[in-house]
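Listed here are the chains, written in short residue letters.
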Amino acid sequence: MADPGLALRRKSRLGSARKRGRPPAPPRHGPAASPLAAKKPGGVCAAETPCSNDSEEDLFGDYDSFYGNDSLLAQIGDAERKYLQDEDMDVKAAKDTILQPGIHQKKQNNIFTSEPDKEDGFQMNENECVDISPEPSESVLDELPSSQLLYFAKMDEFSSGSRMHAGTEKEVKCTGSSSHKIRSPSTLCPDVEHRNRTTDFSSDSKCDVLKTESLKDHLKSAMTGNAKAQTPQVSKTKQLKEAVLIEEISVARKTIESSSVDIGPFYGLPSKVKDLLRHFRGIETLYEWQHDCLTLESLQQRKNLIYSLPTSGGKTLVAEIIILQELLCRQKDVLMILPYVAIVQEKIRALSSFGIELGFLVEEYAGSKGRFPPIKRRIKKSLYIATIEKGHALVNSLIETKRIDDLGLIVVDELHMLGEGSRGATLEITLAKILYTSKNTQIIGMSATLNNVGDLQKFLQAEYYTNNFRPVELKEYIKIRDTIYTVDSKTENGFTFSRLLNFKYSSDLEKVDPDHIIALVTEVIPKYSCLIFCPTKKNCENVASMVCKYLSKEFRVHKEKEKQDLIKNLKSIGNGSICPILKQTIPFGVVYHHSGLTNDERKSIEEAYSAGVLCLIACTATLAAGVNLPARRVILRAPYVASDFLKKNQYKQMVGRAGRAGIDSAGESILIVQEKDRHLVQDLVHSPLENCYSNLLLELTKGMQSLLLSLVGLKIAVTYEEVNNFMHNTLLGVQQQLLPKEKSLLEIIKDGLENLIEKGLLKGRISEKDHNFKCVLTVTPLGKATYKGSVDLAYCNLLYRELKKGLEGLVLESNLHLLYLATPYDMTSNCSPDWMIYLRQFSQLSAAEQKVADIVGVPESFIIKKASGQAIRKKVDSAVVNRLYLSLVLYTLLKETNVWSVSEKFNMSRGYVQNLLSSAASFASCVLHFCEELEEFWVYKALLTELTKQLTYCVKTELIPLMEVAGVLEARAKQLYNAGYKTLAHLANADPETLVKMIEHLSRRQAKQIVSSAKMLLSEKAEALQEEVEELLKMPTDIPGTY
Ligand SMILES: Nc1ncnc2c1ncn2[C@@H]1O[C@H](COP(=O)(O)OP(=O)(O)OP(=O)(O)O)[C@@H](O)[C@H]1O
Ligand SMILES: [Mg+2]
């Protein structure tokens, strides 16, 4: 159980805990001295309620943009190159696949062979077997970029030549391979006869059967046929491997159904999975702990599981293997919840290629993307990758449509987020609903920073696995003056002397760099990489500039050309402008990184750092969690995040970035400490990780009230009694002894339900009398619209009133009025308009647009007086004034589609402007769902559908189809468009090699990911249409007069 002492200490926690690096929010006030206490008991807290779209705004908030799997870029690049050179491996890998069955669990630990000739077993060679794929049709050719056409012409020449020379020989090899298959040991396959029949591919008729097998195959072969350069021929080897794959999946499925012993080729999965891991990730063998975890008895029995390992321990891979087992073997859909939009998009890109190869769909649920309920697929299973908010909405829609049992597994990365603000509350609600409504949905959660695991285990009814494994040892140091100490929690002091920092400082240098940061970084850069975590954004910029001023010229020489390329790239991203600080620091390999940069800028910087072009990033704490940008040395500029003293979890996440697996033999962290903070740092060293507490009460409107409303709305629990039962199974229920004494959980629930009835969201009666304990509650249309639209209960009545008012006189001369309605309420409280800019922008509006200001309640006279500094007597709602100001920013953005010019016009950071845009897109889609539930708002549906689309992309219309592909941002979309890749089909059929040649600053790995994601999206869209067609044509079973 949670330590109440700690719980009480946490009371002083500031709102900024939700977002590291943010200026602190005012302390939470409340009657209770408990970590679970509500901010405002029973009430509605409009102004104080924090942001509603937390994980949607991460791209731009202080949790910036994170990307996985970059640490092994170099290795992957090598592996890919090797892979491309290897002409024979297809057939060999196929043989290996066939010869490997029956491997026992222990052996699977080292199941990957390191022999280069077995490197890949799934992609085809250009010159093998007979080409049976259709040629790209003329119309397709017409539309393809000229580079592709040239490439096709060359490929044709090449493949017809190679066909003549090599065709026969390879064909023999294929047949040989299939004969190996027939020799599969029967120990593994009880139905070996059957398997032999289905996998004997020596006859052409079997190939045909396979070819026409399903829409999936049809689509796949059409696309691979078009992308001739990439997979120019559908070889027999390819067919053979597909057959092996289908077979292995079927065996694995049977195995899972019939016994708990893992006897599949690769943890119950087809051996192709290990080939894919090797190819796409450069992963050769599983770590021992990964093997142990995957073979846990509890996992075999599909029990819920929490596992915890240090940062960089390789937790993701285990989750991914479990996900694949669910999708392929158990044939169930899977939901993967990740904390931030950027990580969702990165995961989509990383897993799309697996989906294409293994035949499942990967669907994005982030920002304004995602369908509710999801399309019901008949054949393929879906992996939904979602932010916390969208994951919750998805689960709601599955419960509502009684499809929750289709969800076989839910995986939550960074499980400690349960304790973080409104996102924590939403995550808790989602998991509690799953636990209550679906006994068959397995829950897996992972984290590097968990303390009160007992509470979480009880809540999730889960087993626990932990291990201290870290592939690269981490050495932690602190620096006080010029002395470096080794962190050692076993000593009373917390640290022991290690060495003195040896660096000659001139008196000038001493003044600008009193903490000797330059000495620390020059010990590692430029040969190795270094991250400096700084307390504020400004500090990041200062540190980057300061370091460069004193670096010698030699630093410029290192990767000079690549750095110039990066500058060019950033300039083109900025439409000709580049941040002056970056322009000055990049030649030294140094940059800053925080939420003031645009997504495109951050992405370019992260990629350049991963590729070794940049060696030093000064960043905010936001680059710490979940991100995979490791460094040889991590420096913490000060033990503060903004003005808050560092928490143990934050510290662990930051230092955890040190040490690149497979590259560094050791990683080290240095925390710079001033003498005055020595004792606080000693406490930090000795303290345990922070506990994870329920946020249902702290985040009242997005927590408790939202939960109660949707419990009734979704008919999960419709009486006071049922709601009570449900609540006892939440994390709050588990931790209820930490509640303030004056109110029990029962009373809190009663107050909450009564409050919802008062607000007109629920109907029914609650009273202590017994007969009302079982009285059925129902949801009102407004209540339903609120939970369906995921609208914060703090704003639902206001939103309703404003939309209603809009019906009386919506100004439709431009989209300004509509934009006002879609501007997120939660961004208004921290916006402070520049009145001169306000006035200038206002005066540029047309008369009709100026009327919008008047309608919503911002008189022109108010803006004029504010701009001229006059006193104002009339009371004007500042939330409305601010909201209109933000609408003006959005209005200008949609007109100019240029974040840079708009941020200049409004004197805001471009990162903030982008954040506003993304939050507005997300909120617009919420308002749309809200309106869909209320008949009187039918007219808004069409308007908001279009507006959401405009806000989601906010680029020239022609770039939208390209930007639908996960992770293709504006700059990349422009490059692709200009190179002739104008549609999704162009991208899905592109040859990655040609892309690399034609598009500047595009690595082979990125090109492949773009093509895979585009293929996945195209296939998903095509399948959705196909399913719609079949649904339409289906004959009803109850036609009168027929049987
Ligand atoms: N068996 C393996 N062999 C080689 N590399 C591996 C293996 N497993 C994982 N990795 C790599 O190690 C790196 C870190 O893995 P991962 O991101 O899963 O760590 P994590 O435990 O989730 O850490 P964090 O808590 O920081 O998120 C990744 O680049 C991943 O590809
Ligand atoms: Mg991780």
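Analysis parameters
- Residues numbered from 1 in each chain as written.
- Chains lettered and ligands numbered in written order.
- Predicted model: local features only at pLDDT ≥ 70, side-chain atom pairs only at ≥ 80, totals over all residues.
- Heavy atoms only, no water.
- Core = buried A, V, L, I, M, F, W, Y, C linked by side-chain atoms within 4.5 Å.
- Buried < 20%, exposed > 50% of the residue type's maximum accessible area, 1.4 Å probe, protein only.
- Helix = DSSP H or I, 4+ residues; strand = E, 2+ residues; numbered from the N terminus.
- Contact = heavy atoms within 4.5 Å.
- Salt bridge = Lys/Arg side-chain N within 4 Å of Asp/Glu carboxyl O.
- pLDDT = per-residue confidence, 0-100.
- Phe/Tyr/Trp six-rings, centres within 6.5 Å; stacked < 30°, edge-to-face > 60°.
- Lys NZ or Arg CZ within 6 Å of the ring centre and 35° of its normal.

## Considering the nonpolar core
In terms of nonpolar packing, the biggest core is built from 183 residues, with Tyr307, Leu431, Met727, Val858 and Leu951 touching the most fellow members. Looking at this core, the element that brings in the most residues is helix α42 (residues 910-932), giving twelve residues. Residue contacts for methionine 727: discarding those within four places in its chain leaves Leu696, Met704, Leu707, Leu708, Leu732, Gly733, Leu745 and Ile749. Membership of the second largest hydrophobic core comes to 76 residues, among which are Met546, Cys579, Leu582 and Val634.

## Section: the pattern of salt bridges
Within this structure, the stated rule accounts for 40 salt bridges. Note that lysine 743 is salt-bridged to aspartate 751, the shortest N-O span being 2.6 Å. Relative accessible area serves as the criterion here: at 32%, lysine 743 is assigned to the partly exposed category. Given a relative accessible area of 26%, aspartate 751 falls into the partly exposed group. With its nearest N and O atoms 3.1 Å apart, the salt bridge here joins lysine 804 to glutamate 936.

## A word on the confidence of the model for the protein
Overall, the prediction assigns the protein a mean pLDDT of 78, with 74% of residues at 70 or greater. Scored below 50 in pLDDT, residues 40-216 makes 415 contacts in the model with residues more than four places away or belonging to other chains. Low pLDDT, under 50, characterises residues 222-234; the predicted model gives this stretch 51 contacts beyond four residues in sequence or across chains.

## As for the packing of aromatic side chains
If you walk through the whole model with that rule in mind, you get 19 aromatic pairs. With 4.9 Å between their ring centres and 40° between their planes, tyrosine 838 and tyrosine 885 make a pair best called tilted. Of this pair, tyrosine 838 sits in helix α37 (residues 835-843) while tyrosine 885 sits in helix α40 (residues 878-896); the two residues are 47 residues apart in sequence, bridging distant segments of the chain. A relative accessible area of 1% places tyrosine 885 in the buried class. Members of the aromatic cluster, each reached through a chain of ring pairs, are Trp835, Tyr838, Phe862, Tyr885 and Phe906. Between the NZ or CZ atom of arginine 632 and the centre of the ring of tyrosine 528, over which it lies, the distance is 3.9 Å. We note arginine 883 situated over the ring of tyrosine 825; from NZ or CZ to the ring centre the distance is 3.9 Å.

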